[in-house]
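Descriptive analysis of the structure
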Amino acid sequence: MRRRMARGDYRILRWYADMDGPWSAVAWQRYRDQGCDGLVLVPGPEWSPPDLAFIRDLPDLRYFSLERRFDPDTEAFLVDTLEELSLVTGSRRPVPEIVQPNMVRLCLTDRPGIDLATRWPGLEEFRLGGWRGSDLRMLEGAGRLRLLHVEGRNHRSSLDGVENCDLEVVEVLSTSFADLRPLSGMSSLRELKLMGSVKNGHGVLDLSALASSSLEKVWISNAAEVAGLAHIAESSTLRDVRLIKCGVMESEVRQLFPRRVRVDVR
């Protein structure tokens, strides 16, 4: 799973167990004295917490990050002040039946119980690693979502579930699709990256399903064929097209697009 830095305006305490030792009352006091509202926790071989219950005692915690294999992580979902959570732990424990109303950006590894509209109604950015699902119905009703980044498990899946979202950025890696029609209602789509599985490639992807007038970037890899290129060539905002192992000829693709569009066919 690709890691990322916090996007919000947070004052973050970074606690590295190998250097700072176990979490303690001293650590809590440092968090408070420095006026922090964010915590990056990095357990080590000498210390790892039994669970994350201690973060519920941190006043006004808005940002929390734990990016290490760690199973008992569900207490992080009980902090209702969080605005950004990066929980890249590999845990398969279900998300509790909670609501985190302030959550804007969320990064998880795949697990049971992910329901964006119910659990995180204000979510704008969602990143998911280790995804193995057969569709994207966990996104149904996520009306505020603008960015989706998913890393799959070299499997075939469906885009069903995104129909009522108006995403600006869609990035799906190591997953293959056969139908782009669920994207047809996304009038604000700017960037589309569908990097298909080498093992199980995309079927025929028809780009004429895309209705956005704001399209700037289209990257696709490992498709049996890409149709509808002439349709997206009409977009005045398009700047970047990359097609890797998509069954198309570079010369044929280049003649469809104006010179302002960077075309990369391999």
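Preceding this section is the structure that the text describes.
Residues numbered from 1 in each chain as written. Predicted model: local features only at pLDDT ≥ 70, side-chain atom pairs only at ≥ 80, totals over all residues. Heavy atoms only, no water.

Attention now moves to the environment of Lys-217. Mapped onto the fold, Lys-217 is located in strand 11 (residues 217-221). Placed 136 residues apart in sequence, Lys-217 and Thr-81 show a C-alpha to C-alpha distance of 35 Å. Sequence-distant contacts of Lys-217, defined by excluding residues within four places in its chain, comprise Arg-190, Glu-191, Leu-192, Lys-193, Leu-238 and Asp-240. (Helix = DSSP H or I, 4+ residues; strand = E, 2+ residues; numbered from the N terminus. Contact = heavy atoms within 4.5 Å.)

A few words now on unusual backbone geometry. Keep in mind that most residues, glycine aside, have a negative phi and that most peptide bonds are trans. The residue Asp-60 is not glycine, and still its phi comes out positive at about 55°. Looking at where Asp-60 falls in the secondary structure, it is placed in the loop between strand 2 (38-42) and strand 3 (63-66). Positioned with a positive phi, Lys-245 is a non-glycine residue whose angle comes to about 55°. You can see Lys-245 is positioned in the loop between strand 13 (240-244) and helix 5 (250-254).

Turning next to the packing of aromatic side chains. In the structure shown here, the tally under the stated rule is four aromatic pairs. Here the aromatic rings of Tyr-10 and Tyr-63 are separated by 5.3 Å at their centres, their planes lie at 25°, and the arrangement is stacked. Remark: Tyr-63 occurs in strand 3 and Tyr-10 occurs in the segment before strand 1 (12-16); sequence separation between them is 53 residues. Exposure remark for Tyr-10: the relative accessible area of 13% places this residue in the buried category. Note on Trp-15 and Trp-23: the rings are 5.4 Å apart at their centroids and 70° apart in plane angle, and the pair reads as edge-to-face. The exposure class assigned to Trp-15 is buried, which follows from its relative accessible area of 2%. Looking at Trp-23, the relative accessible area reads 14%, which means it is buried. Taken together through their ring pairs, the aromatic side chains of Trp-15, Trp-23 and Phe-54 make up a single cluster. Above the face of the Trp-219 ring, Lys-193 is positioned so that its terminal group lies 4.3 Å from the ring centre. Over the ring of Trp-219 we find Arg-242, and its NZ or CZ is 3.9 Å from the ring centre. (Phe/Tyr/Trp six-rings, centres within 6.5 Å; stacked < 30°, edge-to-face > 60°. Buried < 20%, exposed > 50% of the residue type's maximum accessible area, 1.4 Å probe, protein only. Lys NZ or Arg CZ within 6 Å of the ring centre and 35° of its normal.)

As summarised here, the arrangement of the twelve strands in space is 1-2-3-4-5-6-7-8-9-11-13-14, forming an open sheet in which the pairing is parallel. Strand pairing shows two members of the sheet lacking a second neighbour, strand 1 and strand 14 (262-265), which therefore form its edges. Mean inter-strand twist for the sheet, computed between neighbouring axes without regard to direction, equals 10°. In this sheet, strand 13 lies alongside strand 11 in parallel orientation, the contact comprising five bridges. Each bridged residue has a counterpart across the sheet, and for Ser-221 the counterpart in strand 13 is Ile-244. Where helix 2 (residues 25-33) meets the sheet, it contacts strand 1 and strand 2, and its direction lies at approximately 155° from that of strand 1. (Pairing = 2+ DSSP bridges. Axes fitted to C-alpha atoms, helices over the stretch in contact; angles between N-to-C directions.)

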